[in-house]
Amino acid sequence: MADMDSDNLTNLNSNVTDFSSAFIKTALPVFYCLIFAGGLILNCLAALIFFRIPSNTSFIIYLKNIVVADLLMTLTFPFKIVNDFGSGGWRMRVIVCRYTAVVFYMNMYVGITFLGLISLERYLKIVRSSGASVMQNVTYARVICAATWCLLIFFNLPNSILTSKEATEETSWHCIRLKTELGVQWHKVTNYFSVSIFWAVFLLMGFCYASITKKIYDSYQKCRRDRTETRKKSNRNIFSILVVFFICFVPYHACRISYTLSQTAGSFSAQSKFVLFHLKESTLMLSALNVCLDPVIYFLMCKLFRELLLERFSEKSTEMRRKSVSYSATTV
């Protein structure tokens, strides 16, 4: 799973190598710095807001778990940034391969899983009201959350443990070369399992939101009233999660299988590996951007979160105005 590495591209011409250096060692770390800053601020703020919201529905519980996954994912970015800038030496590459990349990918798929669970919960509540009582049971939701974390930890932890070969400066460029034979095979299994999670959630979300859209449209037709603004608001809330999902995760998974094969099979040319590596790194950056876009979902889909956030900003604004007035009075 830990494939946030740099391929040794010495067989490619100097122009290709220069592009790799410019993109991987300069542009990409800058983008990750911006994502790290935005993600840390937004998710810390989201965590503070959710601390004030009771966990009395499955929807809120799933959202809180996404916040935890996003925060853990965000904390791995500094290691990748230092590594991509080339500031940490070969030992930093080993740390990324063995530990932080594993944490990154695990939490990415935890977040994807909870997005799927939210979609299913919304579907059952809106379309199949008879099933909503089960999905909205708090105890049931907590069991599902615990099972999700345990399952993803079970599949990802061995990727760290089995990346146990003695590391050198040469082998540190290739995460796969730090794995034992069993580690290579487990790496493949984990990749296929993770990709299966993505496509299962992808199909589930497509079905759920198509059904929800149809249900909302039919209900408006029955009312026979002009509620254009209400309909627009409902569609905006429903499709915000789909837009985030498509932007962040679809491009990466479109190229992930090919990249994994290029790492574990010997039938790929150096040029093919180069292209797949840069596609993987570019689309992975979009997946990392998810930590900045998930708070948009909270704001649009959770009314209580939105109200508490606006209330917090209102309090801050009032406090700043009060201090400004007080300062002006003392200087007159």
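Here the structure is a predicted model, which is why all the values come from computation and not from measurement.

Chemist: Quick question: what am I supposed to make of the environment of Met 135 here?
Modeler: Take Met 135: it is sitting in helix α5 (residues 129-135). Its relative accessible area of 5% is what places Met 135 among the buried residues. In the structure, Met 135 is positioned 77 residues away from Ser 58 in sequence and 6.7 Å away in space, judged by C-alpha atoms. Once you skip the residues sitting within four places of it in the chain, Met 135 turns out to touch Ser 58, Tyr 62, Leu 117, Leu 120, Glu 121, Leu 124 and Tyr 140.

Chemist: Would you mind going over the UniProt feature "transmembrane region" (unreviewed entry) in the chain with me for this structure?
Modeler: UniProt records the feature "transmembrane region" (unreviewed entry) at residues 29-50, 62-79, 99-118, 139-157, 197-217, 238-259 and 284-305, using the numbering of this structure. The span residues 139-157 shows a helical share of 100% and a strand share of 0%, and its end C-alpha atoms are spaced 27 Å apart. Secondary structure content for residues 197-217 is 100% helix and 0% strand, and the end C-alpha separation is 30 Å.

Chemist: Teacher, can you tell me more about the packing of helix α2 (residues 58-74) against helix α10 (residues 290-301) here?
Modeler: Helix-helix packing: each pair is described by the crossing angle between the helix axes and the interaxial distance. One way to put it is that α2 packs onto α10 with a least axis distance of 10 Å and a crossing angle of 160 degrees. If you check the angle between α2 and α10, you find them roughly antiparallel. The two elements α2 and α10 meet at a crossing, and its hand is left-handed. Residues Phe 59, Leu 63, Ile 66, Val 67, Asp 70, Met 73 and Thr 74 of α2 lie in contact with α10, whose contacting residues are Asn 290, Val 291, Asp 294, Tyr 298 and Met 301.

Chemist: Please explain the state of the cysteines as it appears in this structure.
Modeler: Two cysteines, two sulfur atoms, one covalent bond between them: this is a disulfide. Tallied over the entire structure, the rule returns one disulfide. The disulfide that involves Cys 97 links it to Cys 175, with 1.9 Å between the sulfurs. Because the sign of the S-S torsion sets the handedness, a value of about -75 degrees for the bond joining Cys 97 and Cys 175 places this disulfide among the left-handed ones. Note that Cys 97 is positioned in helix α4 (residues 89-126) and Cys 175 in the loop between α6 (138-161) and α7 (181-223), a separation of 78 residues in sequence. As far as the burial class goes, Cys 97 and Cys 175 line up, both buried.

Chemist: Help me understand the packing of aromatic side chains, please; the structure alone is not making it clear to me.
Modeler: Aromatic ring pairs: the centre-centre distance and the angle between the two ring planes describe each pair. Summed over all chains, the structure comprises 19 aromatic pairs. Ring centres 5.2 Å apart and planes at 55 degrees place the aromatic pair Tyr 123 and Phe 207 in the tilted group. With Tyr 123 in helix α4 and Phe 207 in helix α7, the pair connects residues that are 84 residues apart, well separated along the chain. You can call Tyr 123 buried: its relative accessible area is 7%. Summarising the aromatic geometry, the rings of Phe 198 and Phe 245 are spaced 5.4 Å apart at their centres and angled 5 degrees between planes, so their arrangement reads as stacked. Remark: Phe 245 occurs in helix α8 (residues 228-264) and Phe 198 occurs in helix α7; sequence separation between them is 47 residues. Of the two residues examined, Phe 198 and Phe 245, each falls in the buried class.

Quick notes on the rules
- Residues numbered from 1 in each chain as written.
- Predicted model: local features only at pLDDT ≥ 70, side-chain atom pairs only at ≥ 80, totals over all residues.
- Heavy atoms only, no water.
- Helix = DSSP H or I, 4+ residues; strand = E, 2+ residues; numbered from the N terminus.
- Buried < 20%, exposed > 50% of the residue type's maximum accessible area, 1.4 Å probe, protein only.
- Contact = heavy atoms within 4.5 Å.
- UniProt positions renumbered as here; feature names shortened; annotations may be inferred.
- Axes fitted to C-alpha atoms, helices over the stretch in contact; angles between N-to-C directions.
- Parallel < 35°, antiparallel > 145°, perpendicular 65-115°, else oblique.
- Left-handed = near helix turned anticlockwise from the far one by under 90°.
- Disulfide = S-S within 2.5 Å.
- Phe/Tyr/Trp six-rings, centres within 6.5 Å; stacked < 30°, edge-to-face > 60°.

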